[in-house]
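Below are the chains, spelled out letter by letter.
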Amino acid sequence: MVADVTETTAVTEPAAQPARRTQAERTAGTRAKLLDAAIDTLVDVGYSRASTQEIARRAGVSRGAQLHHFPTKEALVVAAVERLVERRLDELIGVHRGGPVGPALLLDAFSGPLFHAALELWVAARTDAALHAAVEPLERRVTEVLQEGGRELYGDSMSPAAFDLSIELARGMAVSAIFRTPEEEHAMRARLLPEWERAVTEL
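Note that the structure is predicted; figures quoted are calculated from it, not measured.

Peer 1: Got a minute to help me understand the overall build of the protein chain in this structure?
Peer 2: Within the protein chain, the secondary structure is distributed over nine helices and zero strands. Walking the protein chain from its N terminus toward its C terminus, one meets helices and strands in the order α-α-α-α-α-α-α-α-α. Out of the 203 residues in the protein chain, the part that is buried amounts to 36%. Partitioning the intrachain contacts of the protein chain with sequence separation of at least 6 by distance along the chain shows that 69% fall at a separation of at least 24.

This is the structure we're talking about:
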């Protein structure tokens, strides 16, 4: 006698399809890739060699897409630096919120890829009229962002004049740090920061 065997056929559920991104999400993603690639290119090769073709290649987007979002090289690199300025300030405020802060925090703000990319723009803008016109509003925005962040970070512990002086000192030290080793930079900060902090709190 042969036993009846009932076969159970597994029902395979169709694989869930990933949700399609909206046009706005695709646009934002393309812009983000271009802005990140612009910063990387500025830091790696400098402004004069940072072609839009190279930026588009690093971003993995077509030349046409790059031109659609940023029709000029100036517009692209300025937008990239502006985005990083605001992001960096948000990071610094988040890390130091509620804790003691001093001039060292400003030195941290003027360091790394963000500062080096901005420095490339400053130097090139001195002799490039189109770039100068594009960078000028960015610098005004940077000043506004720094002042807003300074009020939140330092409150009444530093007067407006002391804060402006500290910004200029931080920029100058950030430029000269290009020619110092990490050990020399550490020694420089250890020697000058106490004097700096004492000076600005007395203003």
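From this point on, the discussion continues.
Peer 1: What is the right way to read the nonpolar core from this model?
Peer 2: Nonpolar side chains tend to gather and get buried jointly when the protein is soluble and globular. Counting residues in each nonpolar core, the largest one holds 54 residues, and the members touching the most others are Leu 42, Val 77, Val 81, Phe 110 and Leu 121. Residue assignment for this core shows that the elements contributing at least two residues are helix 1 (23-45), helix 2 (52-59), helix 4 (73-96), helix 5 (103-109), helix 6 (112-125), helix 7 (129-154), helix 8 (160-176) and helix 9 (182-202).

Peer 1: What exactly am I supposed to notice about the confidence of the model for the protein chain here?
Peer 2: One rule of thumb: low pLDDT means the predicted coordinates there are not for detailed reading. Per-residue pLDDT for the protein chain has a mean of 82; in total, 84% of the residues score no lower than 70. When pLDDT is averaged over each helix and strand of the protein chain, the minimum, 78, is found for helix 4 and the maximum, 94, for helix 2. Contacts for the low-pLDDT stretch residues 1-9, under 50 throughout, to residues beyond four places or in other chains number zero contacts.

Peer 1: What is the right way to look at the pattern of salt bridges in this model?
Peer 2: Any two side chains of opposite charge can pair if their charged atoms end up close together. Here the structure, examined in full by the defined rule, presents 11 salt bridges. Arg 141 is paired through a salt bridge with Glu 144; the nearest N and O atoms lie 3.5 Å apart. With a gap of three residues between them, Arg 141 and Glu 144 both fall in helix 7, about one helical turn apart. Using a relative accessible area of 40% as the deciding quantity, one classes Glu 144 as partly exposed. Connected through salt bridges with shared partners, the residues Asp 44, Glu 54, Arg 57 and Arg 58 form a single ionic network.

Peer 1: Got a minute to help me understand the environment of Ala 56 in this structure?
Peer 2: Take Ala 56: it is sitting in helix 2. Sequence separation between Ala 56 and Lys 33 is 23 residues; the distance between their C-alpha atoms is 8.7 Å. Each residue touching Ala 56, except ones within four places of it in the same chain, is listed here: Leu 34, Val 61, Ser 62 and Gln 66.

Peer 1: How should the packing of helix 7 against helix 8 be read in this particular structure?
Peer 2: Between two packed helices, the angle of one axis relative to the other and the distance separating the axes together describe the packing. Axis separation between helix 7 and helix 8 bottoms out at 11 Å; the angle between their running directions is 120 degrees. On the basis of their axis angle, the class for helix 7 and helix 8 is oblique. The two elements helix 7 and helix 8 cross, and the hand of that crossing is right-handed. Each of Glu 139, Val 142, Leu 146, Gln 147, Gly 150 and Tyr 154 in helix 7 lies in contact with helix 8, whose residues at this interface are Phe 163, Asp 164, Ile 167 and Arg 171.

Peer 1: Is there a simple way to think about the packing of aromatic side chains in this case?
Peer 2: Within the structure shown, the criterion is met by two aromatic pairs. The interplanar angle of 80 degrees and the centroid separation of 6.1 Å between the aromatic rings of Phe 110 and Phe 115 together place this pair among those described as edge-to-face. Each member of the pair, Phe 110 as well as Phe 115, carries the same accessibility label: buried. With a centroid separation of 5.7 Å and an interplanar angle of 85 degrees, the aromatic rings of Phe 115 and Trp 122 are classed as edge-to-face. On the accessibility criterion, Phe 115 (3% relative accessible area) is buried. One aromatic cluster is present, formed by Phe 110, Phe 115 and Trp 122 through successive ring pairs.

Peer 1: Hey, could you run me through the side chain of Thr 41 in this one?
Peer 2: Among the secondary structure elements, Thr 41 is positioned in helix 1. The buried category is assigned to Thr 41, whose relative accessible area is 0%. In contact with Thr 41, other than residues within four places in its own chain, are Gly 46, Ala 50, Glu 54, Ile 55 and Arg 58.

Peer 1: Mind showing me how you'd approach the side chain of Arg 171 here?
Peer 2: Tracing the sequence through the fold places Arg 171 in helix 8. The exposure class of Arg 171 is buried, given its relative accessible area of 16%. When neighbours within four sequence positions are excluded, Arg 171 is seen to be in contact with Phe 110, Phe 115, Trp 122, Glu 139, Val 142 and Leu 146.

Peer 1: Looking at this structure, how should I read helix 1?
Peer 2: Note on helix geometry: an α-helix contains 3.6 residues per turn, so any two residues three or four positions apart are oriented the same way. Here helix 1 spans 33 Å end to end across 23 residues, near enough to the 33 Å set by a 1.5 Å rise per residue. Considered for burial, the residues of helix 1 that qualify are Thr 30, Leu 34, Leu 35, Ala 37, Ala 38, Ile 39, Thr 41 and Leu 42. One or two residues past the end of helix 1 sits Gly 46, with phi positive at roughly 85 degrees.

Cut-offs and rules
Residues numbered from 1 in each chain as written. Predicted model: local features only at pLDDT ≥ 70, side-chain atom pairs only at ≥ 80, totals over all residues. Heavy atoms only, no water. Helix = DSSP H or I, 4+ residues; strand = E, 2+ residues; numbered from the N terminus. Buried < 20%, exposed > 50% of the residue type's maximum accessible area, 1.4 Å probe, protein only. Contact = heavy atoms within 4.5 Å. Core = buried A, V, L, I, M, F, W, Y, C linked by side-chain atoms within 4.5 Å. pLDDT = per-residue confidence, 0-100. Salt bridge = Lys/Arg side-chain N within 4 Å of Asp/Glu carboxyl O. Axes fitted to C-alpha atoms, helices over the stretch in contact; angles between N-to-C directions. Parallel < 35°, antiparallel > 145°, perpendicular 65-115°, else oblique. Left-handed = near helix turned anticlockwise from the far one by under 90°. Phe/Tyr/Trp six-rings, centres within 6.5 Å; stacked < 30°, edge-to-face > 60°. Expected span 1.5 Å × (residues − 1).

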